[in-house]
Amino acid sequence: MPDMSASASLAMTHLVTLAEIDEDKVTPGVLGFIVFAVMALAVWGLMKSMNRHMGKVDFKESPDPEAGVSGGGKGKTAGRTEPQQG
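Keep in mind it's a predicted model, so treat the numbers as computed, not measured.

## Considerations on the overall build of the protein
1) Next: The helix and strand inventory of the protein stands at three helices and zero strands.
2) Next: For the protein, buried positions account for 0% of its 86 residues.
3) Next: Accessible area of the protein: about 8,800 Å², with a carbon and sulfur share of 64%.

Below is the structure:
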């Protein structure tokens with residue numbers, strides 16, 4: 001089998017020289033602006049939809065019909081019955 005490490009090393013040295021970009025000349029350009037604008041519009045639309053759906057939610061808790069039937073117990077155990085033995 002041929003030694004692939006030498007060719008991989010040679011390929012990496014050629015790719016590194018291609019990757020050296022002048023950072024002063026790199027800009028996002030028109031495509032970057034369009035992508036950002038589309039994402040901003042999508043987030044705005046999702047927030048508007050969420051506010052519309054949250055407005056439909058009823059936060060008032062309805063009274064439990066079984067709690068009033070059991071009577072005058074106090075605390076968290078009101079309305080609970082003890083298990084019967086025997």
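Still more to cover.
## Observations concerning a nonpolar patch on the surface
1) Next: Together, Val43, Met47, Met50, Met54, Val57 and Phe59 make up a nonpolar patch on the protein surface, roughly 600 Å² of accessible area in all.
2) Next: Counting through the fold element by element, Met47 comes out in helix 2 (residues 29-55).
3) Next: Judged by its relative accessible area of 43%, Met47 is partly exposed.

## Details of the environment of His53
1) Next: Relative to the elements of secondary structure, His53 occurs in helix 2.
2) Next: Its relative accessible area of 48% is what places His53 among the partly exposed residues.
3) Next: A polar side-chain atom of His53 sits 2.8 Å from the main-chain carbonyl oxygen of Ser49.

## Notes on the confidence of the model for the protein
1) Next: On average, residues of the protein score 76 in pLDDT, and 53% of them are at 70 or above.
2) Next: Averaged over each element, pLDDT in the protein is lowest for helix 1 (residues 4-19) (64) and highest for helix 2 (95).

Criteria and cut-off values
- Residues numbered from 1 in each chain as written.
- Predicted model: local features only at pLDDT ≥ 70, side-chain atom pairs only at ≥ 80, totals over all residues.
- Heavy atoms only, no water.
- Helix = DSSP H or I, 4+ residues; strand = E, 2+ residues; numbered from the N terminus.
- Buried < 20%, exposed > 50% of the residue type's maximum accessible area, 1.4 Å probe, protein only.
- Areas by Shrake-Rupley, 256 points an atom, 1.4 Å probe, with all protein chains shown as cover.
- Patch = residues over 30% accessible without salt bridge, like charges linked within 9 Å, V, L, I, M, F, W, Y side chains within 5 Å.
- Salt bridge = Lys/Arg side-chain N within 4 Å of Asp/Glu carboxyl O.
- Polar contact = N/O pair within 3.5 Å; in protein donor to acceptor, adjacent residues only side chain to side chain.
- pLDDT = per-residue confidence, 0-100.

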